[in-house]
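Here are the chains, one letter per residue:
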Amino acid sequence: MMKQFVKDCLTSKDGESYDIGRFLWVLGVFAFIGLSIYALSRGGAFDPLNWGAGYGAILGGGGAGIGMKSKTEPDA
């Protein structure tokens, strides 16, 4: 079940073709969260407004990128 969920998140509309844009988006999100945790563990301050703005920018940018290229994806 989890394997299918991950595949659905990383493939285009046809459900078979892996999409580098989606993969990089997920990788960027994990990197952002990991680096945030690392900074906090090293004694950095946590500002939820700045963190949320940065996280929102990553999510928004990824969504915009996928939306812009949606017409180029193969249909199911």
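Residues numbered from 1 in each chain as written. Predicted model: local features only at pLDDT ≥ 70, side-chain atom pairs only at ≥ 80, totals over all residues. Heavy atoms only, no water.

### Digging into the packing of aromatic side chains
The tally for this structure, following the rule as stated, stands at four aromatic pairs. Measuring from centroid to centroid gives 5.3 Å for Phe32 and Trp51, while their planes differ by 45°, and the two rings are tilted. Here Phe32 is found in helix α2 (residues 20-41), whereas its partner Trp51 is found in helix α3 (residues 48-68), with 19 residues between them in sequence. The partly exposed category is assigned to Phe32, whose relative accessible area is 21%. Consider the rings of Phe46 and Trp51, whose centres lie 6.3 Å apart with planes at 50°: the pair is tilted. By relative accessible area, Trp51 is classed as partly exposed at 27%. These aromatic residues form a ring-pair network of at least three members: Phe32, Phe46, Trp51 and Tyr55. (Phe/Tyr/Trp six-rings, centres within 6.5 Å; stacked < 30°, edge-to-face > 60°. Helix = DSSP H or I, 4+ residues; strand = E, 2+ residues; numbered from the N terminus. Buried < 20%, exposed > 50% of the residue type's maximum accessible area, 1.4 Å probe, protein only.)

### Topic: a nonpolar patch on the surface
Where nonpolar side chains cluster on the molecular surface, the patch consists of Ile20, Phe23, Leu24 and Leu27 and spans about 410 Å² of accessible area. With respect to the helices and strands, Leu24 occurs in helix α2. (Patch = residues over 30% accessible without salt bridge, like charges linked within 9 Å, V, L, I, M, F, W, Y side chains within 5 Å. Areas by Shrake-Rupley, 256 points an atom, 1.4 Å probe, with all protein chains shown as cover. Salt bridge = Lys/Arg side-chain N within 4 Å of Asp/Glu carboxyl O.)

### Some thoughts on the side chain of Arg22
Position of Arg22 relative to the elements: it lies in helix α2. Since its relative accessible area comes to 14%, Arg22 is described here as buried. Excluding anything up to four places from it in sequence, Arg22 contacts Cys9, Leu10, Thr11, Ser12, Ile66, Lys69 and Glu73. (Contact = heavy atoms within 4.5 Å.)

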